[in-house]
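Next come the chains, spelled out residue by residue.
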Amino acid sequence: MSSSFANFGNELYTGKRSYNFVSAKKLWFIIAAVAVVLSILIPVAKGGFNLGIEFRGGSEFTVSNVQSTDSALGEKVVEDVVAGSVPRVANVAGTTMRIQTDKLTDDETLRIKEGLTSAYGVTNNEVTSTFIGPTWGADVTKQALIGLIVFVALAAVLMALYFRTWKMSLSAMAGMLVTMFITAGVYALSDFEVTPSAIIGFLTVLSYSLYDTVVVFDKIRENTADMDASTRRTFGEEVNLAVNQTLVRSINTMMVAILPVGAILFIGAGLLGAGTLRDLSLALFVGILIGTAATIFIAAPMYAWLRQNEPELVKQAKRVEHRRSANNSRTEESAEPAGA
Amino acid sequence: MARTGPNNSGLRVLVWLGVVLAVLTAVLAGGTLAGQASWAPKLALDLEGGTQMILAPKVEGGSDINEEQLNQAVAIIRQRVDGSGVAEAEISTQSGRNVVVSLPGTPTKETRDLIQASADMNFRPVLLNGDGAPVPTESLTPEDQLPKPTAEPANGSDINWITADIYRQFETMDCNNPAPESPEASDPAKPLVTCEPATDTTPAIKYILGPVEVKGGNIVTSSFQLQQGAQGAVTNDWAVNIQFDDEGTAKFKTVTERLNQFYVAAGGETGNDPKAQFAIVLDDQVISAPRSLAVITDGRPQITGGFTEQTAKVLSDQLRFGALPISFEIQSDQQISATLGGEQLRMGLLAGIIGLLLVVVYSLFQYRALGLVTIASLVVAGALTYLAIALLGWTENYRLSLAGVAGLIVAIGQTADSFIVYFERIRDELREGRGLVSAVENGWKRAKRTVLASKAVNLLAALVLYFVAVGNVRGFAFTLGLTAIADLIVVFMFTHPTLQVLARTKFFGEGHRLSGLDPKRLGVLPLYRGAGRLRTPEAKPSVVRAKNTGAVAEAERRMTIAERRLAEKQEQLTSSSKSAAKENK
């Protein structure tokens, strides 16, 4: 119930309820490292990603409102025109068939188009054809990589300027990279087709991951603004409290981000079949989940870890420890009544 | 009446937002009434149906294409596509390397070949010219009076090139309504009948041209400048300069020696012998046909006469383009049926609406009445985005693609994010024990910074995606960026002012159970809790999982009205003493 969820938020806010995101950092880092290594090894072991036609080059036909969804019909048409070819024929959504072939000449394309029109009993304008040159995918990949590098560089600078510390920027980037690798790993593992739309989704995930980190880090910055004056919590504890205090927000933003994406994915997948919307939402769905987790389990603990050995903070941690031991002894003497 | 404060300023901002929305709507309505704009956003090819070809320009010699050459390539394709009579074609560059041609419907093989063909620029001598309109059937030259060549032509300007066939073709040619161009380039060794299309200031002219004498490839470069007068003073007339390479210089010298004779023989400036003209032919169309006023020996002719800065630039660009034969390789050729795109759009919108409903339900569940503010904010953001897309469709010819629609759906979540950040901040402030009015103000101060920083990340991503984008990424990046801006406007001009106003209402201000800002529910513990127990001012953090949290809530719920009043009073006291203490520091 929401009242208990609000309560959950209250307890997280006051620190009454707290999860050890920061102090258990070694565990998270090991899990993340294993996941990242697996994400790199899986595609290597499987011989790469399931690349879409855009990356392989070839021709694609889409036949709408077909009378029959028998894929043999499409295969026969293609084999009749191009002997010995192995077309991929699939029923993508409801009454739509998709036929992918190797690269075809203009003439072959026209003949297959006519063949498909009669084989599936549709009108001429219900068959569409796409031709994608072999260099197109290379271009997409190259541009995506450029986009990735430019974005990461600019975002790193932007965050370092905004938070006025490169350590936050570096931690945020680490969280983002973990998100990136694991999302790619999920793609490799599950054999989802990698299309340009999936790549857009992938790049958007990076932005979401950073966005999420910025919000959490803003709270961390606020909580740790006057660290030297505080003897109540160590730096790591302050970071942990900030993560806990923003946990409800993290969950809520993740939910509202993932609900529309999930709607496209789950409601649309059956109806839409492969296409821009599905590929995009798939990458986003996976990435948003991992991105939110990476902020909490990787970025924030890493920031605490990067700073814990700064002389100022080491001194501060000692002061906290000192105060605590003093408090404890005092508590024993006066036997203060326990709080609610 | 003259009460000022957050409430009034909140109302003022809301009024301003209303004005902005009304003005945008009025502009769009005006455009629609004038028949230029439309209420529905323009749809991109994937939703409307058509053909999209992505072409990679290839410069002869294999060198990389630069931006200027790419723009030239676009200009040349635009000229070809427009010439072939395809309406509403869109030609644009993509990621600084490719040319995207979007055509409604399915282009014929001829159009396709035409688009791919490499640009072909040549210089041909003029044999005959005439008015662009076809000669009326009754005044056509009778069959027996058509020219009959008497000998093999001796040079490019020899009248013997004109055969009966060519002359008939010339007479019937209609330069005002040219037939779609044939994709096959003309034979450079044969004469050519062609047109110079009409411009704003000059009518169409038709020509019979001799064989090619100098090739475009012989041009090293071209420029345009203000013409210099006899004394070296700059005049107001624009001129186009050409520079030929060695081969071009030699050939051009021979040509101008011949053409200049016709010019002189015809009486110089006053004469009007077409044979004194040499035509610059691009893709078999005459783009300019100046007369040869002098023999050019240094390979640096200057074309003058009636140029404006604009027309001089165009000609100069065309010449430079001609110097660089660019051919096009089709990278992707996609026929899109409107049926499929439409289906995807419908399903996408359906999924979007369901996603939106889920967000609505979730925010009502999480934030109660405050969820209504989220919904209203989403509605305002939607209205702003819709108006922007419709207006951009009108002014910038922006078209909404399927990827763009995906961007809009994804943006629902990202827009709602900033409200959540804000609401959570307000709740935090309430938990600190503030009253709602000040919680709204303080929460905003903190949330504002976070929202700005995080939206900057979103905008940065959208910009990077937009500028390095390939394929249909652009539409997605564009809507993502657009909605990020709309979101900022809404948070600043709608959500925050609305909360300022609502904080003064009884329902929210007193923290009604369903307001989403109920202090009790947010764990604002009164200082005095009965039974002689005092709450410690700030609960100590403990890394312990509380188990029996339900009991605490239950205990709070049981507080009597008197207890609550007392607690509230004490709260006020402590907060005022706190601020007093601060001032003393």
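Residues numbered from 1 in each chain as written. Chains lettered and ligands numbered in written order. Predicted model: local features only at pLDDT ≥ 70, side-chain atom pairs only at ≥ 80, totals over all residues. Heavy atoms only, no water.

**Describing the overall build of chain A**
Consideration 1: Each helix and strand in chain A was counted, giving 12 helices and 6 strands.
Consideration 2: Split into buried and exposed, the 340 residues of chain A put 58% on the buried side.
Consideration 3: Across chain A, contacts joining residues at least 24 apart in sequence account for 79% of those joining residues at least 6 apart.
Consideration 4: Working note: accessible area of chain A is about 14,200 Å², and carbon and sulfur atoms make up 63% of it. (Helix = DSSP H or I, 4+ residues; strand = E, 2+ residues; numbered from the N terminus. Buried < 20%, exposed > 50% of the residue type's maximum accessible area, 1.4 Å probe, protein only. Contact = heavy atoms within 4.5 Å. Areas by Shrake-Rupley, 256 points an atom, 1.4 Å probe, with all protein chains shown as cover.)

**Quick look at the overall build of chain B**
Consideration 1: From N to C terminus, chain B includes 15 helices and 13 strands.
Consideration 2: Counting across all 585 residues of chain B, residues that qualify as buried make up 47%.
Consideration 3: For chain B, the proportion of contacts with a sequence separation of at least 24, taken over those separated by at least 6, is 74%.
Consideration 4: When the accessible surface of chain B is summed, it comes to about 28,000 Å², and 57% of that surface belongs to carbon and sulfur atoms.

**So, unusual backbone geometry**
Consideration 1: With a phi angle near 55°, arginine 164 of chain A is a residue other than glycine that sits in the positive phi range.
Consideration 2: Note that arginine 164 of chain A resides in the loop between helix H6 (134-163) and helix H7 (166-190).
Consideration 3: Owing to a relative accessible area of 70%, arginine 164 of chain A belongs among the exposed residues under this scheme.
Consideration 4: Its identity is not glycine, yet arginine 368 of chain B carries a phi of approximately 50°, on the positive side.
Consideration 5: Locating arginine 368 of chain B in the fold gives a position in the loop between helix H8 (338-367) and helix H9 (369-395).
Consideration 6: Residue classification places arginine 368 of chain B among the partly exposed residues on the basis of a relative accessible area of 21%.

**A closer look at the sheet that holds strand E9 (residues 234-244) of chain B**
All names here are of chain B.
Consideration 1: If you walk across this open sheet you meet the 3 strands as E8-E9-E12, and the pairing is antiparallel. Pairing within the sheet leaves two strands with one partner each, and these edge strands are strand E8 (219-228) and strand E12 (302-307). Sheet twist, expressed as the mean angle between neighbouring strand axes with direction ignored, is 25°.
Consideration 2: Direction of pairing for E8 relative to E9: antiparallel, over a ladder of 8 bridges. By the bridge assignment, serine 223 is partnered in E9 with asparagine 241. (Pairing = 2+ DSSP bridges. Axes fitted to C-alpha atoms, helices over the stretch in contact; angles between N-to-C directions.)

**Some remarks on the nonpolar core**
Consideration 1: Counting residues in each nonpolar core, the largest one holds 118 residues, and the members touching the most others are Phe151, Leu210, Phe217, Ile220 and Val239 of chain A together with Ile426 and Phe476 of chain B.
Consideration 2: With 15 residues, helix H10 (residues 402-431) of chain B is the single largest residue contributor to this core.
Consideration 3: For phenylalanine 217 of chain A, the residues in contact, after removing those within four places along its chain, are Phe163, Met168, Ser171, Ala172, Ala299, Ala300 and Tyr303 of chain A.
Consideration 4: By size, the runner-up hydrophobic cluster in this structure holds 40 residues, among which are Val59, Ile76, Val101 and Ile242 of chain B. (Core = buried A, V, L, I, M, F, W, Y, C linked by side-chain atoms within 4.5 Å.)

**Here we look at the packing of helix H11 (residues 276-307) of chain A against H10 of chain B**
Consideration 1: The N-to-C vectors of H11 of chain A and H10 of chain B enclose an angle of 35°; their axes lie 9 Å apart at closest approach. Seen along the crossing, H11 of chain A lies across H10 of chain B with a hand that is right-handed. In contact with Thr276, Leu277, Leu280 and Leu284 of chain A of H11 of chain A, H10 of chain B contributes Leu402, Ala403, Ala406 and Val410 of chain B.
Consideration 2: Residue composition of the contact of H11 of chain A with H10 of chain B, by class: 7 nonpolar, 1 polar and no charged. (Left-handed = near helix turned anticlockwise from the far one by under 90°. Nonpolar A, V, L, I, M, F, W, Y, C, P; charged D, E, K, R; others polar.)

**As for the environment of alanine 390 of chain B**
All names here are of chain B.
Consideration 1: Assignment of secondary structure puts alanine 390 in helix H9.
Consideration 2: Distance in space between the C-alpha atoms of alanine 390 and alanine 40 is 6.5 Å, their sequence separation being 350 residues.
Consideration 3: Not counting residues up to four positions away in its chain, the partners in contact with alanine 390 are Leu28, Ser38 and Trp39.

**Focus on helix H2 (residues 25-46) of chain A**
All names here are of chain A.
Consideration 1: Look at H2: 31 Å from first C-alpha to last across 22 residues, which is about the 32 Å you get at 1.5 Å a residue.
Consideration 2: Regarding H2, the residues found buried are Lys25, Trp28, Ala32, Val36, Ser39, Ile42 and Pro43. Axial view of H2: buried residues confined to an arc of 125°, hence all on one face. Summarising the geometry of H2, the exposed residues directed more than 90 degrees from the buried face are Lys26, Ile30, Val44 and Ala45.
Consideration 3: In the stretch just after H2, glycine 47 is the one whose phi turns positive, near 80°. (Expected span 1.5 Å × (residues − 1). Arc of directions from axis to C-beta.)

**Looking at the pattern of salt bridges**
Consideration 1: Summed over all chains, the structure comprises 23 salt bridges over all chains.
Consideration 2: Between glutamate 222 of chain A and arginine 446 of chain B there is a salt bridge, with its nearest N and O atoms 2.6 Å apart. Linking glutamate 222 of chain A in helix H8 (residues 196-223) with arginine 446 of chain B in helix H11 (residues 436-468), this pair reaches from one chain into another.
Consideration 3: Look at glutamate 222 of chain A and you get buried, because its relative accessible area is 18%.
Consideration 4: In this structure, arginine 324 of chain A engages glutamate 237 of chain A in a salt bridge whose closest nitrogen and oxygen atoms are separated by 2.6 Å. Placement of the pair is arginine 324 of chain A in helix H12 (residues 311-334) and glutamate 237 of chain A in helix H9 (residues 235-245), with a sequence separation of 87 residues.
Consideration 5: Among the residues examined, arginine 324 of chain A registers a relative accessible area of 33% and is labelled partly exposed. (Salt bridge = Lys/Arg side-chain N within 4 Å of Asp/Glu carboxyl O.)

**Here's the deal with the packing of aromatic side chains**
Consideration 1: As enumerated under the stated definition, the model contains 22 aromatic pairs over all chains in all.
Consideration 2: For the ring pair tyrosine 466 of chain B and phenylalanine 478 of chain B, a centre distance of 6.1 Å and an interplane angle of 50° mean the geometry is tilted. Placement of tyrosine 466 of chain B in helix H11 and of phenylalanine 478 of chain B in helix H12 (residues 473-502) is noted, with a sequence separation of 12 residues between them.
Consideration 3: Take phenylalanine 478 of chain B: its relative accessible area is 22%, and that puts it in the partly exposed class.
Consideration 4: One aromatic cluster in this structure is built from Tyr162, Phe163, Phe217, Phe235 and Tyr303 of chain A.
Consideration 5: Directly above the aromatic system of tyrosine 162 of chain A lies the positively charged group of arginine 221 of chain A, at a separation of 4.8 Å from the ring centroid. (Phe/Tyr/Trp six-rings, centres within 6.5 Å; stacked < 30°, edge-to-face > 60°. Lys NZ or Arg CZ within 6 Å of the ring centre and 35° of its normal.)

**Here's the deal with the pairing of E9 of chain B**
Consideration 1: One ladder, built from 3 bridges, connects E9 of chain B with E12 of chain B; its direction is antiparallel. Looking at E12 of chain B, one finds that tryptophan 238 of chain B is bridged to phenylalanine 307 of chain B.

**Concerning a nonpolar patch on the surface**
Consideration 1: Together, Val15, Trp16, Val19, Val23 and Val27 of chain B make up a nonpolar patch on the protein surface, roughly 460 Å² of accessible area in all.
Consideration 2: Take valine 15 of chain B: its relative accessible area is 55%, and that puts it in the exposed class. (Patch = residues over 30% accessible without salt bridge, like charges linked within 9 Å, V, L, I, M, F, W, Y side chains within 5 Å.)

**Some words on the confidence of the model for chain B**
All names here are of chain B.
Consideration 1: Averaged over all residues, the pLDDT of chain B equals 76, while 79% of them reach at least 70.
Consideration 2: Confidence drops under a pLDDT of 50 for residues 577-585, and excluding neighbours within four residues, the segment shows 0 contacts in the predicted structure.
Consideration 3: The ipTM assigned to the predicted complex is 0.80, against a pTM of 0.66. (pLDDT = per-residue confidence, 0-100.)

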